[in-house]
Structure formats: structure tokens, C-alpha cells
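# Fold and contact review
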Amino acid sequence: MTALRLRLGMLGLTLLAGLWAPGAAPAATAAAPAAPSPTTEERRLDLAVPQEILRRSGFDEPAARFGRDLARARGYAQARRLVGREGAALWRRAVDRAQGRGPAGGDLARDDDRPLYWARLGMTRHVRTWQPGFALSEGQRASLLDRLERTSRGETDVRLPGKPHLGRILLTGFDPFTLDRDIRISNPSGASALALDGTVIETARGPARVETVVFPVRWADFAEGTVERTLRPYLSRADLFMTVSQGRVGRFDVERTNGAWRGGFPDNDGVASTGTVPVADPATQPQWTSTTLPYAAVTAADTGRFPVYDHTEVTEIPAGGTDPVVRPDGPTPGSAARAGGGGDYLSNEIAYRATLLRDRLGLHDTLPGGHLHTPVLQFGAGDTDPATGAVTDPEFVRNRLDIVAQVRSVLTVAASAALRN
């Protein structure tokens, strides 16, 4: 045994000497995986305007703190708890700020939706590029990102009341978009969602509680069913729903008809998508769906400084035809959609998906719902150059406040007309 030990010891020393000898070839090791890259949307976060928006609202702090806490996570379960908690906290912080609760965090107007958008991207970038000290599969990282998206958009915060005397309204908004045209852009539909979440409006039937969600401007998320997944648990319990997005200059539009077509305009990740809107069970998919909002009552009411139109125009390929035709009064029988009243982008698609889900749940005749386009949110007359303009100005804030107030008024009129029966 002594001789054997001596020989083994000498062999061990020889091997160690070979490993440590100058010029010796290193032992082969598995290459560490490259850090995942931020998305196109997340890379815009490094530009000056998003950083100014975050700094002037105090929303630079949540993402920075989240990054530090994530780096200390020692396992997937701990990371998942952190993501869920901080995503929900970010949504609640944005809602509270918009509704005047808690500190403003800076001099940026409280009604601004942009701090939530840019702070969320800061948090998703941390998760996407994170390299923990433990094994994290692609599926687990995707699950963390999905959880962060859902919690920070209000999707897990919908609380429709069960009290019979309190109406139940769902309203959705969108992130800012067309950011490569103007990185300063805000979306009044997202601002409306923050301003209205959890509030109670007085209708002709009585009080009604509004619950809101803000959706991404990304084709892939819609194809993966984010709209249906979010709305399905609540539509059968809601008394009215309204999807809202930014539309045309100087006017509101109640979109009468929605089309099953994607027109290809790039989304916030720079991705284009053209073709039929992808939904489950495409064999039963209609080319068109329609609003069940009380559009006549809404357009007849005095709801604010912007006119409100019953918008009926669509673009179709007529039955037996090959070329698109604009129809001012809606689609003709058997036609194929090329643009709904809300166009062929994600505004039209959320309206199409929400109303198709309503119909597939058998709620067409009992649930008022459809899409509202707000006016384009504009800066003041001397602040129109994205390269030199300020991130905000008094006219910009006034326009957003007026649009948000009118969304509330339109929703009140719609609820009063629809919930009366």
C-alpha cells in the first residue's frame, strides 16, 4: 500500500506540473455562453431622451434597483418572485403617479405615460442580458420576461368588482410607438389607461369601476395571443370593454368595423408582418368583426374639444376581385379585408381580436365593446423637430390632459347608453 501510494503521489505531481508548466497547453473547458443581446426596442433606452424622461420622473431608480436585486438572485424561484413583485410595483407606481398619489419624482407632468414604458424596458433588458451564477434555461428566461411584461402592464392587476350595483368596464391602451420618427412620443391611450385604472365613473345606470391594461406594440406578442390571454378571463364578467389607441390628427373615431389583415408597418422592434391576422382556429375566422359600442350616442354627445366620428370606412378586396377597394360605408358581402376602420396596424388588430373573442364567447348581443381612436398627441407649434425639441412643453401636456379627459367622457357616455338596458 505504501509503494502504491508513492507511485500515485508521483503521478499526481507529474500531472500538476504539466498543468502548471510555463507554455503548457491549457485544459479544454466549455465556452461560456454569450450574453443575450438587448432587443431593438431596449437599445433605444440608451438615447438621451429616454434617459431624461426617466430622470425627470424618478423612474430611473426602479430599473436600477431591480438590476442590483436581480444580480443577487441565487436561483430561478427567487428571480421569479422578484420579477413578479417588481413588475407589479412598477405598474402600481405609474398608476399612482398618474392619479396624483405619492411623490411626483421630478418635474415631468404626472399624466405622462412614458416613464412606465422606458422603465419597463430597463427592467426587461436586465432580465434579457442577465448571466446568473446558476443554470438558467432559455425557457426560464422567457418565462421571467413574460412575467415581467404581464405584471408591469396591469394584466395581473385587473379587479372587476363583484358587487351588483357597480358596473364593470375594461379599457386597454398601448405603449408609445413610431419611436424612430420621434423618440419623444407619448401615447394618449396609455396615459388614459394609467389615469383611469381602478377609478369609478358615474353613468346613467350608476357607478362603474374601470380596470385597464397597456399592451405592447409588437406583432409577435399579438400572434402569441397576449390579447386573448389577458381579456378572456374577464369579458364574460364585464359590462363594457373599449380598446383605445392613438389615431388621426384632431379627432376621435369610434371604429365601426375591424379587419383580419396585417399591413406590414414595422413595430417597436422593427419587425414587419403582412398577412391575415393569426388567430386560433383559423378555419372559422371571419374577415370582419364589428363594434357593439353605442356609437350613435357617443358621436352625438358633447364629450370634449375634439370631434368624435362614427368611422365606417374600410379597404377590401371584393368577392371575385383582385385589387383593394376603399369602401366608405363598410365591407361588402364575401370580401377579403385589407384594412379595417382602424387601419391595418395593431390598433385594428387589437380591435379585431377583442371583438372576435367577444363573439366566440357568445357575447356579441350582450356585451358592448369596440375600438376608440384618440387624436394624435402633438407638441406645441414651435417644438416639432425631434432632433432639437424638448421632451415636453405646455401645449403637449395640455393636449394629453384634454385627450385623457375626453376618453373618460366618451367612456361615460358609452356606459350610460349601453348599460341602461
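Residues numbered from 1 in each chain as written. Predicted model: local features only at pLDDT ≥ 70, side-chain atom pairs only at ≥ 80, totals over all residues. Heavy atoms only, no water.

## Quick word on the confidence of the model for the protein chain
Summing up the model confidence of the protein chain, the mean pLDDT is 92 and the portion of residues at 70 or higher is 91%. The low-confidence segment residues 1–32 (pLDDT under 50) makes two contacts with residues lying over four places distant or belonging to another chain. (pLDDT = per-residue confidence, 0-100. Contact = heavy atoms within 4.5 Å.)

## As for the sheet that holds strand 10 (residues 308–311)
Strand order in this open sheet of seven strands is 2-3-1-4-14-5-10, and the pairing throughout is mixed. Two strands in the sheet have a free side with no partner beyond their single neighbour: strand 2 (200–202) and strand 10. The mean inter-strand angle of the sheet, taken between neighbouring strand axes irrespective of direction, is 30 degrees. On the sheet, helix 8 (residues 188–196) packs against strand 1 (167–174), strand 3 (207–215), strand 4 (240–246) and strand 14 (369–374) and is oriented at approximately 145 degrees with respect to strand 1. Its contacts with the sheet put helix 13 (residues 394–418) on strand 1, strand 2, strand 3, strand 4, strand 5 (252–255), strand 10 and strand 14, and the angle it makes with strand 4 is roughly 155 degrees. (Pairing = 2+ DSSP bridges. Helix = DSSP H or I, 4+ residues; strand = E, 2+ residues; numbered from the N terminus. Axes fitted to C-alpha atoms, helices over the stretch in contact; angles between N-to-C directions.)

## Describing helix 6 (residues 114–129)
The end-to-end C-alpha distance of helix 6, which contains 16 residues, comes to 23 Å, matching closely the 22 Å that a straight helix rising 1.5 Å per residue would cover. A large share of helix 6 lies buried, amounting to 12 of its 16 residues. (Expected span 1.5 Å × (residues − 1). Buried < 20%, exposed > 50% of the residue type's maximum accessible area, 1.4 Å probe, protein only.)

## Concerning the packing of aromatic side chains
Scanning all chains against the criterion turns up nine aromatic pairs. Measuring from ring centre to ring centre gives 6.0 Å for phenylalanine 177 and tyrosine 345, while their planes differ by 40 degrees; the resulting arrangement is tilted. Taken together, the positions of phenylalanine 177 in the loop between strand 1 and helix 8 and tyrosine 345 in the loop between strand 13 (336–339) and helix 12 (346–360) put the pair 168 residues apart, joining distant regions of the chain. Owing to a relative accessible area of 15%, phenylalanine 177 belongs among the buried residues under this scheme. Ring geometry for phenylalanine 379 against phenylalanine 396: centres 4.0 Å apart, planes inclined by 5 degrees, an arrangement best described as stacked. Residue phenylalanine 379 is located in the loop between strand 14 and helix 13, and its partner phenylalanine 396 is located in helix 13; the two are separated by 17 residues in the primary sequence. (Phe/Tyr/Trp six-rings, centres within 6.5 Å; stacked < 30°, edge-to-face > 60°.)

## Points about the pattern of salt bridges
Applying the stated criterion to the full structure yields 42 salt bridges. Here arginine 85 makes a salt bridge to glutamate 86, at a shortest N to O gap of 3.3 Å. Of the residues examined, arginine 85 reaches a relative accessible area of 48% and is grouped as partly exposed. Salt-bridge contacts for glutamate 255 lead to arginine 248; the nearest nitrogen and oxygen are separated by 2.9 Å. Of the residues examined, glutamate 255 reaches a relative accessible area of 1% and is grouped as buried. Here the salt bridges share partners, and the residues they tie into one network are Glu41, Arg120, Glu149, Arg153, Asp175, Arg218 and Asp221. (Salt bridge = Lys/Arg side-chain N within 4 Å of Asp/Glu carboxyl O.)

## Some points on the sheet that holds strand 13
As summarised here, the arrangement of the three strands in space is 12-11-13, forming an open sheet in which the pairing is antiparallel. The strands lining the two open edges of the sheet, one partner per strand, are strand 12 (325–327) and strand 13. On average, each strand axis in the sheet is inclined to that of its neighbour by 40 degrees, with strand direction left out of account. As judged from the three bridges shared by strand 11 (residues 314–317) and strand 12, these two strands associate in the antiparallel manner. Across the sheet, the residue bridging to valine 314 is arginine 327, located in strand 12.

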